[in-house]
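# Structure assessment
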Amino acid sequence: MLTFIILLLTLVIASLTFPLPLIYAQTDIPIVSTRNFFNVNTGERIPGINLPPALSILNSNACPGELGFYLHGWWASPEEAIEQTERVFLSLQKSDYDIPILGFSWNSHTGWDMSKKIANGNGPLLADFIKEFKDDCPTDDVRIIAHSLGSRVALSAIQSLYDTYSHETVSKILKSVHLLGAAVDNEQVSLDDLNECRFVNSPPLKCTGEAISLVADHFYSLFNPEDNLLAPQIIPYCTFCSCPFCTYFESTYYLNENDDPLGRNAVRHIISIPPNYEEYNVMDEIGLDDDADGDDECDLKLAGTCTIRYVGDNHFGYMGYRSVT
């Protein structure tokens, strides 16, 4: 049987196409939502609201044997969170890897800085949710697939598991974690306790390398040096212009963070990484398709111009592609 990482590299990321009407008729994706758990003006947790058990969301009294969580990135509406979770599920199902995928829908549909704060706050919620599921289903494998800023939710959850529960309880509680184009600073997965993680980065989140080494069995960063939101872009003034007529744009991530994102390049020789950390350049697996969600619109525009011109450009292509027809 193909391993989960090979499936993700060759199928979740590959340019798969699915007709939209057929998809919506065939799938019923379970979603757990924390969108009403935080004040979107302050980022503070609203007390008195708790998540239901995972099995109730799955509408089952029986443990599924294996459960994957999909964590969407920044500026995803509730509908987009469902759509992206479906694409992940269908990409895996297409390969006969038929496990339930549960979408974790969080309030990222706000300003960048506030979304980062809310992502940090969602980590402990996800950690407790996973811990309760493992208490109910101790032999089940749990996997996390996180896209873009959803990687901050995943890393916050891993750190929360490490800090909150006994190490004997949470050792390898996660079978695998896959970050797809992670929109977090590249030092975030360091084994060292760097000041950048604790004091410089805003909002601070401990460097999670030590927690990763204990909590996850396998941890993968799938990076892409051409990703339009994570890497600098060179945009020509016209369709057939040569680069003397191009404009250079620093990456959206760097402009906001003044730092390089984990999802852009390899970090193996830059920081001290956990022993279970692996990274893969998946640029060539992101197809030259500007409409990953099949809504007949370019996924990334700048000043009204579609910026997706090369293989690897589409930040929203990691989960697969829908066909417009």
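To start, this report covers the structure provided alongside it.

In this structure, F69, L71, L126, I144, L174, V189 and F219 are the most contacted members of the largest nonpolar core, which totals 58 residues. Filtering out sequence-adjacent residues up to four positions away, V189 remains in contact with L155, T208, G209, I212, F219, L262, V267, I271, S272, P274 and Y277. If you look at the next biggest cluster of nonpolar residues, it comprises 19 residues, including Y70, I99, I101 and L222.

Glancing now at unusual backbone geometry. Here the bond from S202 into P203 is cis, since omega is -10°, no more than 30 degrees from zero. Structurally, the position occupied by P203 is in the loop between α8 (195–200) and α9 (209–215). Look at N59: it is not a glycine, yet its phi comes out positive at around 55°. Looking at the element boundaries, N59 is found in the loop between α3 (54–57) and β2 (66–71). Located in the positive-phi region is D296, a residue other than glycine, with phi close to 65°. Take D296: it is sitting in the loop between β9 (277–281) and β10 (301–302).

With respect to the secondary-structure elements, V32 resides in strand β1 (residues 31–33). On the basis of relative accessible area, V32 is assigned to the buried category, the value being 2%. Each residue touching V32, except ones within four places of it in the same chain, is listed here: L51, I57, L102, G103, F104, S105 and F129.

This part is about the packing of aromatic side chains. Evaluated as defined, the whole model comprises six aromatic pairs. When the centroid spacing of 5.9 Å and the interplanar angle of 80° are considered together, the rings of F69 and F129 count as edge-to-face. Placement of F69 in strand β2 and of F129 in helix α5 (residues 112–136) is noted, with a sequence separation of 60 residues between them. Like F69, the residue F129 is buried in the burial classification. Consider the rings of F219 and Y277, whose centres lie 5.8 Å apart with planes at 25°: the pair is stacked.

Looking now at the pattern of salt bridges. In the structure shown here, the tally under the stated rule is 14 salt bridges. Residue D163 is joined to K206 by a salt bridge in which the shortest nitrogen-to-oxygen separation is 3.4 Å. Placement of D163 in helix α6 (residues 150–164) and of K206 in the loop between α8 and α9 is noted, with a sequence separation of 43 residues between them. Exposure remark for D163: the relative accessible area of 42% places this residue in the partly exposed category. Between R264 and D260 there is a salt bridge whose closest N-O contact spans 3.7 Å.

Here we come to the pairing of strand β3 (residues 101–105). Among the five residues that make up β3, five are buried, leaving the element largely enclosed by the rest of the structure. Both faces of β3 are covered, namely the face carrying I101, G103 and S105 and the face carrying L102 and F104. Note that β1 and β3 share three bridges and pair parallel. Opposite V32, over in β3, you have F104 as the bridge partner. Pairing of β2 with β3, which is carried by four bridges, proceeds in the parallel orientation. Of the residues in β3, the one forming a bridge with L71 is F104. Traced from β2 through helix α4 (residues 78–94) to β3, the parallel crossover comes out right-handed.

Parameters and conventions
Residues numbered from 1 in each chain as written. Predicted model: local features only at pLDDT ≥ 70, side-chain atom pairs only at ≥ 80, totals over all residues. Heavy atoms only, no water. Core = buried A, V, L, I, M, F, W, Y, C linked by side-chain atoms within 4.5 Å. Buried < 20%, exposed > 50% of the residue type's maximum accessible area, 1.4 Å probe, protein only. Contact = heavy atoms within 4.5 Å. Helix = DSSP H or I, 4+ residues; strand = E, 2+ residues; numbered from the N terminus. Phe/Tyr/Trp six-rings, centres within 6.5 Å; stacked < 30°, edge-to-face > 60°. Salt bridge = Lys/Arg side-chain N within 4 Å of Asp/Glu carboxyl O. Pairing = 2+ DSSP bridges. Right-handed = clockwise from strand over helix to strand, strands pointing away.

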